Amino acid sequence: MKFAREAYAAWAQLEEDAGEQLVFRTGGLDLYPESAHGWIDDYQGSLDECGIPYEWLEPSAVMERWPQWRLSDDVRSMYQVDSGVVAAAR
């Protein structure tokens, strides 16, 4: 997570130098099926350690917010508001 924070800082500097937006913060939804539940605690711990905000959502909340998703009750979902895409080719 430390590297992600440093990458965002580097992209921000590049955006300033280039005079154009390159990072588009769209939010990000991570979906974890039951088979992935074993390592979620480590990932969450890393986010907490770095102070990166996230929100756990129930499958019903995900499907209400994003109707295109159909999730079973065993899927855990994490939303990170600061996630996004980078126009790296530019």
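Look up: the structure comes first, before these words.
Presented here is an overview of the structure given in this document.

Criteria and thresholds
Residues numbered from 1 in each chain as written. Predicted model: local features only at pLDDT ≥ 70, side-chain atom pairs only at ≥ 80, totals over all residues. Heavy atoms only, no water. Helix = DSSP H or I, 4+ residues; strand = E, 2+ residues; numbered from the N terminus. Buried < 20%, exposed > 50% of the residue type's maximum accessible area, 1.4 Å probe, protein only. Lys, Arg positive; Asp, Glu negative; His and termini not counted. Salt bridge = Lys/Arg side-chain N within 4 Å of Asp/Glu carboxyl O. Polar contact = N/O pair within 3.5 Å; in protein donor to acceptor, adjacent residues only side chain to side chain. Contact = heavy atoms within 4.5 Å. 1 Å grid on protein atoms, 1.4 Å probe; cavity = no way out; pocket = protein on both sides within 12 Å on 5 of 7 lines; lining within 4 Å. Points joined across faces, edges and corners; volume = space filled by probe spheres on them. Nonpolar A, V, L, I, M, F, W, Y, C, P; charged D, E, K, R; others polar. Core = buried A, V, L, I, M, F, W, Y, C linked by side-chain atoms within 4.5 Å.

### Here's the deal with the side chain of Glu15
Considering the arrangement of structural elements, one finds Glu15 in helix H1 (residues 2-18). Buried charge Glu15 goes without a salt bridge, the closest partner of opposite sign being Arg25 at 7.0 Å. Of the polar contacts made by the side chain of Glu15, one reaches the backbone nitrogen of Leu22; its length is 2.6 Å. Within polar-contact distance, the side chain of Glu15 engages the backbone nitrogen of Val23 at 2.7 Å. If sequence neighbours within four positions are ignored, Glu15 has contacts with Glu20, Gln21, Leu22 and Val23.

### As for the layout of surface pockets
The computed volume of the largest pocket comes to approximately 280 Å³. Along the walls of the largest pocket sit 14 residues, with Ala4, Tyr8, Ile52, Gln80 and Asp82 positioned nearest its centre. Considering every element that reaches the lining of the largest pocket, the biggest residue donor is H1, with three residues. Partitioned by chemical class, the residues of the lining of the largest pocket number seven nonpolar, three polar and four charged.

### A few points about the pattern of salt bridges
With the rule as written, the count across this model stands at three salt bridges. Residues Asp82 and Arg25 are paired through a salt bridge, measuring 3.8 Å at the closest nitrogen-oxygen approach. A residue pair is termed long-range when its members are at least 10 positions apart, and Asp82 in the loop between strand E4 (76-80) and strand E5 (84-86) and Arg25 in strand E1 (residues 23-25) qualify at 57 residues. We classify Arg25 as partly exposed; its relative accessible area is 48%. Glu55 serves as the salt-bridge partner of Arg65, at 3.5 Å between the closest nitrogen and oxygen. Here Arg65 is found in helix H3 (residues 59-65), whereas its partner Glu55 is found in strand E3 (residues 55-57), with 10 residues between them in sequence. Owing to a relative accessible area of 35%, Glu55 belongs among the partly exposed residues under this scheme.

### A few points about the nonpolar core
Listed in full, the six residues of the largest apolar core are Tyr32, Ala36, Ile40, Leu47, Ile52 and Met78. Counting residues in hydrophobic clusters, the runner-up holds five residues, among them Leu57, Val62, Leu71 and Val75.

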